[in-house]
Amino acid sequence: MFIHLGGEKIIRASELIAIFDLSIEKSSKISKQFVTYASRDKKVEVIGEEESKSLVVTQSKVYYSPISSMTLKKRAHQLLTT
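**Things to note about the side chain of Thr 58**
Okay, step 1: Of note, Thr 58 is situated in strand S5 (residues 54-58).
Okay, step 2: What makes Thr 58 buried here is its relative accessible area of 4%.

**What about the environment of Ile 24?**
Okay, step 1: Within the fold, Ile 24 resides in helix H1 (residues 23-27).
Okay, step 2: The sequence separation of Ile 24 and Ala 76 amounts to 52 residues, and the corresponding C-alpha distance is 20 Å.

**Side note on the sheet that holds S5**
Okay, step 1: As summarised here, the arrangement of the four strands in space is S3-S5-S6-S4, forming an open sheet in which the pairing is mixed. Of all strands in the sheet, those bounded by a partner on one side alone are strand S3 (16-21) and strand S4 (44-46). Strand-to-strand twist of the sheet, defined as the mean angle between neighbouring strand axes without regard to direction, takes the value 20°.
Okay, step 2: Where S5 and strand S6 (residues 62-65) come together, four bridges link them in antiparallel fashion. Looking across to S6, one finds that Ser 54 is bridged to Ser 65.

**Some thoughts on unusual backbone geometry**
Okay, step 1: Even without glycine at this site, Lys 42 takes up a positive phi of about 60°.
Okay, step 2: Assessed through its relative accessible area of 71%, Lys 42 is described here as exposed.

Conventions and cut-offs
- Within every chain, residues take consecutive numbers counted from 1 along the sequence as written.
- Given that this is a predicted model, residues contribute local features only at a pLDDT of at least 70 and side-chain atom pairs are listed and counted only at 80 or more, while totals for whole chains, interfaces and linings are drawn from all residues.
- Hydrogens are left out, water is left out, and the side-chain values use all remaining heavy atoms of the structure.
- Only DSSP runs of H or I covering at least 4 residues are called helices, and only runs of E covering at least 2 are called strands; the numbering of each starts at the N terminus.
- Per-residue accessibility, obtained with a 1.4 Å probe over protein chains only, is compared with the maximum for each type, and a residue is labelled buried under 20%, exposed over 50%, and partly exposed between these values.
- Only when DSSP finds a minimum of two bridges between them are two strands counted as paired.
- Only the stretch in contact is used when fitting a helix axis, every axis being a line fitted to C-alpha atoms; angles between N-to-C directions are given from 0 to 180 degrees.

Laid out in C-alpha cells, this is it:
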C-alpha cells in the first residue's frame, strides 16, 4: 500500500512513522532539533513548490508536504483499515 504525500511523492505505508502538523516545529524544541539533525544528514525533502502544511516522518526521511496533516492521516487510516 502507498500514500501520496503531494507533488509526485509517494511512499510505502509500511515506511510511515508519524504525520505532524507543521506547527509542531515551532512549538516543540525537540521537534525542531529532530528536523535540524535530519537536515544535517541530508534526510529532509520538501515536496513541491507550495507552502508546506505537514511534516511526515518515515524510516529513512523527513518530508515537508503541501497536504494537510489531517488529509494525510485520513489517507493512511483508510489504507490501514481496508
